[in-house]
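Working through the structure, step by step
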Amino acid sequence: EAAVTQSPRNKVAVTGGKVTLSCNQTNNHNNMYWYRQDTGHGLRLIHYSYGAGSTEKGDIPDGYKASRPSQENFSLILELATPSQTSVYFCASGDAGTGLYEQYFGPGTRLTVL
Amino acid sequence: GDQVKQSPSALSLQEGTNSALRCNFSIATTTVQWFLQNPRGSLMNLFYLVPGTKENGRLKSTFNSKESYSTLHIRDAQLEDSGTYFCAADLTGNTRKLIFGLGTTLQVQP
């Protein structure tokens, strides 16, 4: 069974503060993704990674950084959090090198920026 | 949301009835994934489709790449089928990132 975990599950931050969201996967997948989910927009891709050491910009990268220090871990970093970044954030992994690119999602992190 | 359009946006069904959800794509799509987001917010994988049809229990999904659409059929709807159904397109020649539709919220009534 695919396993993607996220921490924290809930976070309240202050405007201007630094926030780090963490994601761990035990699927040995090459690719990892960060999405945010907002009402009226569905899920949108922020950053993704092809493997350890790589990060790529997704469709809405402004205000976010990403870090992939290992195959298993992928972090999303908000250096200066703003209220517009209040959202639910999902991490996903995919691509087991089999030619199938099905993505598996973590449980989500609810972030509130005050 | 414009590249992947889901319909209807909301749906109410009586327990035991059947329905179909649809996803239309305005972009070339290699594969399609369907998810169910349950009331707790978790995204559960339902189907991963190349062109063709898959079936799993009371759910059946088809992806027609030539006509750029996918459908999800729910047979004998149960209360636990309630939630929001998302389809997502994996773009042809792209980096395996998914483009999501806005979802169909399904309420199954007893």
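Structure first, text after, so check above.
Now for a look at the structure at hand. (Residues numbered from 1 in each chain as written. Chains lettered and ligands numbered in written order. Predicted model: local features only at pLDDT ≥ 70, side-chain atom pairs only at ≥ 80, totals over all residues. Heavy atoms only, no water.)

Glancing now at the overall build of chain B. Per the secondary structure count, chain B includes zero helices and eleven strands. Ordered by position in the sequence, the α and β elements of chain B form the string β-β-β-β-β-β-β-β-β-β-β. Relative to a compact globule of 110 residues, whose C-alpha radius of gyration would be 13 Å, chain B shows 13 Å and is just as compact. Taking the principal axes of the C-alpha coordinates as reference, chain B spans close to 45 × 25 × 20 Å. Excluding contacts between residues fewer than 6 apart, the proportion of contacts in chain B whose partners are at least 24 apart in sequence is 53%. Summing over all exposed atoms, chain B offers an accessible surface of approximately 5,200 Å²; the carbon and sulfur share of this is 48%. Charged side chains of chain B number 10 positive and 8 negative; the gap between the two group centres comes to 8 Å. (Helix = DSSP H or I, 4+ residues; strand = E, 2+ residues; numbered from the N terminus. Rg over C-alpha atoms; globule rule 2.2 N^0.38 Å. Contact = heavy atoms within 4.5 Å. Areas by Shrake-Rupley, 256 points an atom, 1.4 Å probe, with all protein chains shown as cover. Lys, Arg positive; Asp, Glu negative; His and termini not counted. Charge placed at Lys NZ, Arg CZ, Asp CG, Glu CD.)

Another point: the state of the cysteines. Summed over all chains, the structure comprises two disulfides over all chains. Note that C23(A) is cross-linked by a disulfide to C91(A), the S-S spacing being 1.9 Å. A torsion of -80° about the S-S bond marks the disulfide between C23(A) and C91(A) as left-handed. Placement of C23(A) in strand 3 (residues 19–25) and of C91(A) in strand 9 (residues 87–94) is noted, with a sequence separation of 68 residues between them. By relative accessible area, C23(A) is classed as buried at 2%. Here C23(B) connects covalently by a disulfide to C87(B), the sulfurs 1.8 Å from one another. Here the S-S torsion is close to 65°, and the disulfide linking C23(B) with C87(B) is therefore right-handed. Here C23(B) is found in strand 3 (residues 19–25), whereas its partner C87(B) is found in strand 9 (residues 83–91), with 64 residues between them in sequence. Residue class for C87(B) comes out buried when judged on its relative accessible area of 0%. (Disulfide = S-S within 2.5 Å. Buried < 20%, exposed > 50% of the residue type's maximum accessible area, 1.4 Å probe, protein only.)

The next thing to look at is the sheet that holds strand 7 (residues 65–67) of chain A. All names here are of chain A. Taken in spatial order, the four strands make up an open sheet running 1-3-8-7, and their pairing is antiparallel. Looking at the sheet topology across the chains shown, the edges are occupied by strand 1 (4–7) and strand 7. The average angle at which neighbouring strand axes cross in this sheet is 20°, direction not considered. (Pairing = 2+ DSSP bridges. Axes fitted to C-alpha atoms, helices over the stretch in contact; angles between N-to-C directions.)

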